[in-house]
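# Structure at a glance
Each chain, letter by letter, is given below.
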Amino acid sequence: MSSERGITRIMGAMIYKWWWLVTLLFFVMAALSLLSLYNWQKCLNSESHLIRIHDFIAMAIRSKWYKIIFLTISASLVFGVCNTLTNIYTLRKNENGITWCQIFILLGIGLWIIGFIWIFDIPKSDKSATVFGIVGALLAWIFQDKVKGAIAFLHLRLHHLLNIDDWIQVPKYNVDGEVKRVSLTTVTIYNWDTTTSTIPISALHSDHFINLQNMMEGKTYGRRMFKSFILDTGWFHALSKDEAEQLNKQFDGDGTHAYLPETEIHEGALNAHLYRMYLYHWLMNHPHISQQPRLVVRWLEQVESGMPLQVYAFLIDSNLSSFEWQQSQIIEHIIESLDWFGLRLYQSPSAYDAGNCNVFMSDKPANYRKEAEQ
């Protein structure tokens, strides 16, 4: 099965594990069918035991049950061989091989159904047709997921929407990882938390899923950074003359005027406006930030806790570790540079803040803790 020749692989799959027994039955029944077509009367005496055996075989082969058993064995052999080859092609990441194997499985099932109808002459009998219609409707209801899976498989494969080793996210099923196996009915994903998930392939056709493989391979502008920072509006104010001069001196020392012109820093300028302009131009000049398809630094609608400042950018480092490293460094710079403009991030008061507050509701400090200890 490791051969590069398709016929050799098929022969190997036919004798893999216990499939050799099904293969043997298939060839025996096929040989008997061919022998029954040969006219032995010309070669042997009519009283010969071989003629009697031939007649018995011919009678058995003409029976409907022999035909349906032979058809079932043939379909099972196709199913087993294609499943075995699918595992091989999955390891080799041969997408075309996987697709053709699954299509042959689908054809095998379809031919078995057609052969069953033809063998038992169901259309010729009204009663049989009615029974078959009822049974068919029941089977269609039972195997509706299989039918949906086959349609979804063909849709995803023909449009190249899913391949082995693609990184996908399926929010509905809490799936986030690499695709390891694709079949007519299921998709197996190795999640980043080292767990394995198996979901119906029809879910990828009917529900929302995200394929991030192109981004991981660097075929897009980069990986998105989408962060919001809630600033305490109590620190928003217009710069005084002294604050403007101090900010200019600080920027002169480290060359930050390249991101915020000195003319913008003056008495009466809003510190929040200056900070937004500075952050935007700093990101524009960052070596790991892509300016395409968009770079946005904007204020969102004010909330009770403050004013959110949103950063929407794309990092050219798509690899997980590199992306997280660069993103963390950018976030740390955003936090550090807030102090330059006299701004603060909002944080809900904690027990520590309440315990160290210098505002008292009474003239006497609370001493209930000391009383409890005594």
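These notes cover the structure that comes with them. (Residues numbered from 1 in each chain as written. Predicted model: local features only at pLDDT ≥ 70, side-chain atom pairs only at ≥ 80, totals over all residues. Heavy atoms only, no water.)

## Digging into the overall build of the protein chain
The helix and strand inventory of the protein chain stands at 14 helices and nine strands. In the protein chain, buried positions account for 33% of the 374 residues. When contacts within the protein chain are restricted to residue pairs at least 6 apart in sequence, long-range pairs at least 24 apart make up 60% of them. Roughly 24000 Å² of accessible area belongs to the protein chain as shown, and the carbon and sulfur atoms make up 60% of that amount. (Helix = DSSP H or I, 4+ residues; strand = E, 2+ residues; numbered from the N terminus. Buried < 20%, exposed > 50% of the residue type's maximum accessible area, 1.4 Å probe, protein only. Contact = heavy atoms within 4.5 Å. Areas by Shrake-Rupley, 256 points an atom, 1.4 Å probe, with all protein chains shown as cover.)

## Considerations on a negative patch on the surface
Together, D242, E243, E245 and E267 make up a negatively charged patch on the protein surface. In this structure, E245 sits in helix α10 (residues 241-254). (Patch = residues over 30% accessible without salt bridge, like charges linked within 9 Å, V, L, I, M, F, W, Y side chains within 5 Å. Salt bridge = Lys/Arg side-chain N within 4 Å of Asp/Glu carboxyl O. Lys, Arg positive; Asp, Glu negative; His and termini not counted. Charge placed at Lys NZ, Arg CZ, Asp CG, Glu CD.)

## With respect to the sheet that holds strand β3 (residues 186-191)
Pairing in this open sheet of five strands is antiparallel, and the strands run β4-β3-β2-β1-β5 from one edge to the other. Of all the strands in the sheet, just β4 (196-200) and β5 (210-211) have a single pairing partner and so form its edges. Across two bridges, the pairing between strand β1 (residues 167-170) and β5 is antiparallel. Its bridge partner lying in β5, I168 is registered against N211. (Pairing = 2+ DSSP bridges.)

## Let's talk about the packing of helix α4 (residues 64-91) against helix α5 (residues 95-119)
Following both chains from N to C, one finds α4 and α5 inclined at 170°, their axes separated by 8 Å at the closest point. With respect to α5, the axis of α4 lies roughly antiparallel. Each residue belonging to the contact of α4 with α5 can be placed in one class, and the counts come to 16 nonpolar, eight polar and two charged. (Axes fitted to C-alpha atoms, helices over the stretch in contact; angles between N-to-C directions. Parallel < 35°, antiparallel > 145°, perpendicular 65-115°, else oblique. Nonpolar A, V, L, I, M, F, W, Y, C, P; charged D, E, K, R; others polar.)

## Description of the side chain of Q213
Among the structural elements, Q213 can be located in helix α9 (residues 213-216). We classify Q213 as buried; its relative accessible area is 15%. In terms of polar contacts, Q213 uses its side chain to reach the backbone amide nitrogen of W167, at 2.9 Å. Excluding residues within four positions of it along the chain, Q213 makes contact with D165, D166 and W167. (Polar contact = N/O pair within 3.5 Å; in protein donor to acceptor, adjacent residues only side chain to side chain.)

## Quick word on the packing of aromatic side chains
Across all of its chains, the model carries nine aromatic pairs by this definition. An aromatic cluster is built from Y259, Y275, Y278, W340 and F341, whose rings are joined through pairwise contacts. One residue, R224, lies across the ring of F226, its end atom 4.7 Å from the ring centre. Positioned above the aromatic ring of W235 is the side chain of R344, whose terminal nitrogen or guanidinium carbon lies 4.6 Å from the ring centre. (Phe/Tyr/Trp six-rings, centres within 6.5 Å; stacked < 30°, edge-to-face > 60°. Lys NZ or Arg CZ within 6 Å of the ring centre and 35° of its normal.)

## Side note on the packing of α5 against helix α7 (residues 144-158)
It is at 11 Å that the axes of α5 and α7 come closest, and there the two elements cross at 150°. With respect to their mutual orientation, α5 and α7 come out roughly antiparallel. Read as a crossing pair, α5 and α7 show a hand that is left-handed. Taking contact as the criterion, the partners of E95, N96, I98, T99, Q102, I103 and L106 in α5 are, on α7, A150, F153, L154 and R157. Residue composition of the contact of α5 with α7, grouped by class: six nonpolar, three polar and two charged. (Left-handed = near helix turned anticlockwise from the far one by under 90°.)

## Here we look at the pairing of strand β2 (residues 175-182)
With four bridges joining them, β1 and β2 adopt antiparallel strand pairing. Within the sheet, the bridge partner assigned to W167 lies in β2 and is E178. If you look at the hairpin formed by β1 and β2, you'll find four residues sitting between the two strands, and N174 has a positive phi there, around 55°. Pairing of β2 with β3, which is carried by five bridges, proceeds in the antiparallel orientation.

## Some words on the pattern of salt bridges
Under the criterion given, the structure shown has four salt bridges. Two residues, K180 and E178, come together in a salt bridge whose shortest N-O distance is 3.3 Å. Taking the relative accessible area as the measure of exposure, K180 reaches 36% and is therefore partly exposed. With a relative accessible area of 23%, E178 lands in the partly exposed category. For R344, the salt bridge goes to D339, with nearest N and O atoms at 3.1 Å. A relative accessible area of 47% means that D339 is categorised as partly exposed. One salt-bridge network, in which partners are shared between bridges, spans D165, E178 and K180.

## Thoughts on α5
Given 3.6 residues per helical turn, the α-helix brings residues three or four places apart onto the same face. A rise of 1.5 Å per residue sets the reference length of α5, with its 25 residues, at 36 Å; its end C-alpha atoms lie 36 Å apart and thus fit the reference within 8%. Residues of α5 that are buried: E95, G97, I98, T99, C101, Q102, I105, G108, G115 and I119. Elements in contact with the buried residues of α5: α4, α7 and β2. Measuring from the backbone nitrogen of N96 back to the side-chain oxygen at the start of α5 gives 3.4 Å, which picks out N94 as the cap. (Expected span 1.5 Å × (residues − 1).)

## Considering α4
The terminal C-alpha atoms of α4, which comprises 28 residues, lie 41 Å apart, in line with the 40 Å expected from a rise of 1.5 Å per residue. Just past α4, the residue K93 takes up positive phi, approximately 55°.

## Quick word on the environment of V296
Its place among the elements puts V296 in strand β8 (residues 296-299). Counting along the chain gives 18 residues from V296 to F314, while the straight-line C-alpha distance between them is 9.9 Å. If we skip the residues at most four places from it in the chain, V296 touches Q310, V311 and Y312.

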